[in-house]
Amino acid sequence: MNKPRPEHSPMAQFPVADDCLQIGGIPLTRLAQRIGRTPFYAYDRRSISHKVELLRRHLPADIHLHYAMKANPMPAVVQHLVTQVDGLDVASAGEMQVALDAGMSPEKISIAGPGKTPAELSMALAAGIVINMESENEMETIARLAHQLGVRARVAVRVNPDFELKSSGMKMAGGPKQFGVDAERVPEMLARLKVLKLDFQGFHIFSGSQNLSVEAIQEAQTKTIELAYTLAEAAPAPVKLLNLGGGFGIPYFPGEKPLDLAPICANLKDLLPKARKRLPEAEFALELGRYLVGEAGIYVCRVLDRKISRGHVFLITDGGLHHHLAASGNFGQVIRKNYPVLVGNKVVGRARETVSVVGPLCTPLDLLADKMEMAKADIGDLIVVMQSGAYGLTASPTAFLSHPRPAEVLI
Ligand SMILES: *Cc1c(COP(=O)(O)O)cnc(C)c1O
């Protein structure tokens, strides 16, 4: 017997009426007219809020929820989330300015990332946000700059743990890494931190992105909290903040299923009583990027040409990898797989066919869908790439081939 071909997980965040996808209650064809051009990214604010509500429903009430802005730093998106989350995590001074403009109070903003420049550190110090320190050298620089500015630096230590997040799409901890300070070196660093009189806030332990394994996430959270107990013994002050990282994944590819939040949150609930006892002053936070915004966004481009090459149908569009690197398979994927792609104005269609959707760039890498079944499309139809709300536009090489940037809207 043949094994059934794995399929994309059903995506119900956007309803379909008259065979046309609806975004925020607007038919896609109308939305394209409203925006006045293609390609574009559209994000649905209700879908983002729904993810926050879903998390709040499952999470223990005293687990704080932060938004990791690099997943989608569009100012309107950040503005929308500011009143719904407990903090923003930024990865550059540019993101910090957007976070402050959106009205998040500085004490609820933290900055992480290796290679922060002295200028960026000074801006962060002047703003009064928490700096997640990625190295001993960075700590020395922060102490010097804080002295010059006459401010007390609020700092946390980003730890590179001695374990890694299993089954993670992108590993960011365990083994030798450019992120954080190796766990075994942290006690010595904390002794120096005390001498430098920095205002110690706590620890930041982020082990990886795009994880769809409940067991792996549970294990990482359990080990993260255990590691914080050990490190806290060497800390010059009580831990006020334990950032447990993010990494909750969403289904992109055939065969992937949505993450089951209930057992992950139940595990956190089990860990909390002891954690509150061992770290009585600590606030526990998850910092999620992709999980909050990834499913709320689509990327839309228009079919410019339809061409048959040796029996194979190519839909040539005005969008491609320069706008959406991840959908082309070139942002961290080992084996290229198709994102969920469909014809937005002919979701089911009268006829179906197997096609490849490509962009206008002069490289065979510019592929949005490879031999995928979808409604039979004509020139002028709208191709939609689902699951495009995170690591889309700002994670793409928009300057490549000098085409215009896509539009971006929040509906
Ligand atoms: C990117 C990043 C995140 C968010 O990761 P997601 O997989 O999008 O949830 C969280 N924390 C840090 C430090 C990051 O660099």
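Every chain's residues receive numbers from 1 upward, in the order its sequence appears when written. Local features are withheld for residues below a pLDDT of 70 in this predicted model, meaning they are given only at 70 or higher, and side-chain atom pairs are given and counted only at 80 or more; totals for whole chains, interfaces and linings count all residues. Here the side-chain values reflect all heavy atoms present in the structure, with hydrogen atoms and water set aside.

Strands are runs of DSSP state E lasting at least 2 residues, helices are runs of H or I lasting at least 4, and numbering of each runs from the N terminus. Of the regular secondary structure elements, the protein holds 11 helices and 22 strands. Our radius of gyration looks at C-alpha atoms and nothing else; its globule reference is 2.2 Å times the residue count to the power 0.38. Taking 411 residues into account, the globule formula puts the C-alpha radius of gyration at 22 Å, and the protein, at 23 Å, falls close to it. For the C-alpha atoms alone, the extent of the protein along its principal axes is close to 70 × 50 × 35 Å. Using a 1.4 Å probe on the protein chains alone, a residue whose accessible area is under 20% of its type maximum counts as buried, one over 50% counts as exposed, and one in between counts as partly exposed. For the protein, buried positions account for 57% of its 411 residues. Residue contacts follow a heavy-atom distance rule, with two residues in contact if any of their heavy atoms lie within 4.5 Å. Look at the contacts in the protein between residues 6 or more apart in sequence, and 72% of them connect residues 24 or more apart. As displayed, the protein offers around 17,700 Å² of accessible surface, 54% of which is attributable to carbon and sulfur atoms. Counted as positive: Lys and Arg. Counted as negative: Asp and Glu. His and the chain ends are not counted at all. Charge coordinates come from a single atom per side chain, which is NZ of Lys, CZ of Arg, CG of Asp or CD of Glu. Side chains of the protein carry 45 positive and 42 negative charges; the gap between the two charge centres is 3 Å. Only the protein chains shown count as cover for residues, and the accessible areas themselves come from Shrake-Rupley with a 1.4 Å probe.

Aromatic pairing here means that ring centres of Phe, Tyr or Trp (its six-membered ring) are within 6.5 Å. Orientation follows from the plane angle: under 30 degrees is stacked, over 60 is edge-to-face, and everything else is tilted. One pass over the full model with this rule turns up 8 aromatic pairs. Where Tyr41 meets Tyr299, the ring centres are 4.9 Å apart and the plane angle is 45°; that geometry is what we call tilted. Taken together, the positions of Tyr41 in strand β4 (residues 40-43) and Tyr299 in strand β16 (residues 297-309) put the pair 258 residues apart, joining distant regions of the chain. The residues Tyr41 and Tyr299 share a single accessibility class, namely buried. An angle of 80° between the planes, with centres 5.8 Å apart, marks the rings of Phe248 and Tyr291 as edge-to-face.

Taken together, 13 residues lie around the ligand, and Lys70, Ser209, Glu287, Arg290 and Tyr391 are the ones closest in. Identification of polar contacts relies on pairs of N or O atoms within 3.5 Å, with a donor-acceptor requirement for protein atoms, meaning one able to donate a hydrogen and the other able to accept it, and with residues adjacent in sequence counted only if both atoms are side-chain atoms. In the model, an oxygen atom of the ligand is placed 2.5 Å from a nitrogen or oxygen of the Ser209 side chain. A distance of 3.2 Å separates an oxygen atom of the ligand from a polar backbone atom of Gly247. Protein coverage of the free-state accessible area of the ligand, which is 390 Å², stands at 94%. Those elements giving two or more residues to the shell around the ligand turn out to be β13 (208-211) and β15 (283-288). Three categories are distinguished: nonpolar for Ala, Val, Leu, Ile, Met, Phe, Trp, Tyr, Cys and Pro, charged for Asp, Glu, Lys and Arg, and polar for the others, with Gly belonging to the last. For the shell around the ligand, a count of residues per class yields 4 nonpolar, 5 polar and 4 charged. One heavy atom suffices: a residue is near a molecule or strand as soon as one of its heavy atoms comes within 4 Å of it.

When two helices pack together, their arrangement is given by the angle between the helix axes and by the axis-to-axis distance. At a minimum axis separation of 11 Å, helix α2 (residues 45-58) and helix α3 (residues 75-82) run at an interaxial angle of 40°. As summarised for this structure, α2 and α3 are arranged oblique, according to the angle between their axes. With respect to the hand of their crossing, α2 and α3 are arranged in right-handed fashion. Contact residues: Arg45, Ile48, Ser49 and Val52 in α2; Val77, His80 and Leu81 in α3. In the contact of α2 with α3, the residues fall into 4 nonpolar, 2 polar and 1 charged. Between N-to-C directions, angles cover 0 to 180 degrees, with each direction set by a line fitted to C-alpha atoms, over the stretch in contact for helices. Just so you know how the angles are binned, under 35 degrees is roughly parallel, over 145 roughly antiparallel, 65 to 115 roughly perpendicular, and the rest oblique. It is the rotation of the near helix from the far one that decides the hand of a crossing: anticlockwise by less than a right angle makes it left-handed, clockwise makes it right-handed.

Within the secondary structure layout, Ser356 lies in strand β19 (residues 352-358). Since its relative accessible area comes to 1%, Ser356 is described here as buried. Residues within four places of Ser356 in sequence aside, it is in contact with His312, Val313, Phe314, Leu315, Leu367, Ala369, Asp370 and Lys371.

Within the open sheet, the 3 strands sit side by side as β1-β2-β3. Their pairing is antiparallel. The open sheet has two edge strands, β1 (16-17) and β3 (26-27), and neither has a second partner. Strand pairing follows a simple DSSP-based rule, namely that at least 2 bridges must link the two strands. In terms of strand pairing, strand β2 (residues 20-23) meets β3 through 2 bridges, oriented antiparallel. Bridging from a neighbouring strand, Ile23 pairs with Ile26 of β3.

Helices are assigned an expected span. That span is 1.5 Å times one less than the residue count. Over its 18 residues, helix α9 (residues 261-278) runs 25 Å from end to end, which matches the ideal 26 Å to within 8%, given 1.5 Å per residue. Where α9 bends most, the angle comes to about 40°, and this point is Leu272, followed within four residues by the proline Pro273. When α9 is considered as a whole, its buried residues turn out to be Leu261, Ile264, Cys265, Asn267, Leu268, Leu271, Leu272 and Ala275. Of the surrounding secondary structure, the elements contacted by the buried residues of α9 are α2, β5 (63-68), α8 (214-232), β15 and α10 (290-293). Here α9 starts with a cap whose side-chain oxygen sits 3.4 Å from the backbone nitrogen of Ala262, and that cap is Asp260. Bend, in this description, refers to the angle at a residue between axes fitted to the seven residues ending there and the seven starting there.

With that out of the way, let us pick up the environment of Lys177. Looking at the secondary structure, you find Lys177 in the loop between β10 (168-171) and β11 (181-182). In the structure, Lys177 is positioned 16 residues away from Pro161 in sequence and 9.8 Å away in space, judged by C-alpha atoms.

Let us now look at the domain arrangement of the protein. Split into domains, the protein comes out as domain 1 (16-43 + 295-410) and domain 2 (73-288). Across the boundary between the two partners, domain 1 contributes 14 residues, which contact 11 residues of domain 2. Buried surface area refers to the total accessible area, computed with a probe of radius 1.4 Å, that the two partners give up upon joining, counted for both partners together. In total, domain 1 and domain 2 occlude about 1,100 Å² of area from one another, counting both sides; carbon and sulfur atoms represent 71% of this. Criterion for a salt bridge: a side-chain nitrogen of Lys or Arg within 4 Å of a carboxyl oxygen of Asp or Glu. In this assembly, domain 1 and domain 2 are joined by 0 salt bridges. As used throughout, domain bounds are those supplied by an automatic or database domain assignment.

Here the nonpolar core consists of buried residues drawn from Ala, Val, Leu, Ile, Met, Phe, Trp, Tyr and Cys, with membership extended through side-chain atoms lying within 4.5 Å. Ranked by internal contacts, the top residues of the largest apolar core, which has 111 residues, are Tyr67, Val157, Leu198, Phe203, Phe248 and Met374. Here this core takes 8 residues from α8, the largest share from any one element.

This part is about the pattern of salt bridges. Enumeration over the complete set of coordinates arrives at 17 salt bridges. Between Arg185 and Glu136 there is a salt bridge, and its shortest N-O distance comes to 2.7 Å. Taken together, the positions of Arg185 in the loop between β11 and α7 (186-195) and Glu136 in helix α6 (residues 136-149) put the pair 49 residues apart, joining distant regions of the chain. The partly exposed category is assigned to Glu136, whose relative accessible area is 25%. With a shortest N-O distance of 2.7 Å, Lys346 and Asp381 are connected by a salt bridge. Remark: Asp381 occurs in the loop between β20 (367-375) and β21 (382-385) and Lys346 occurs in the loop between β18 (341-343) and β19; sequence separation between them is 35 residues.

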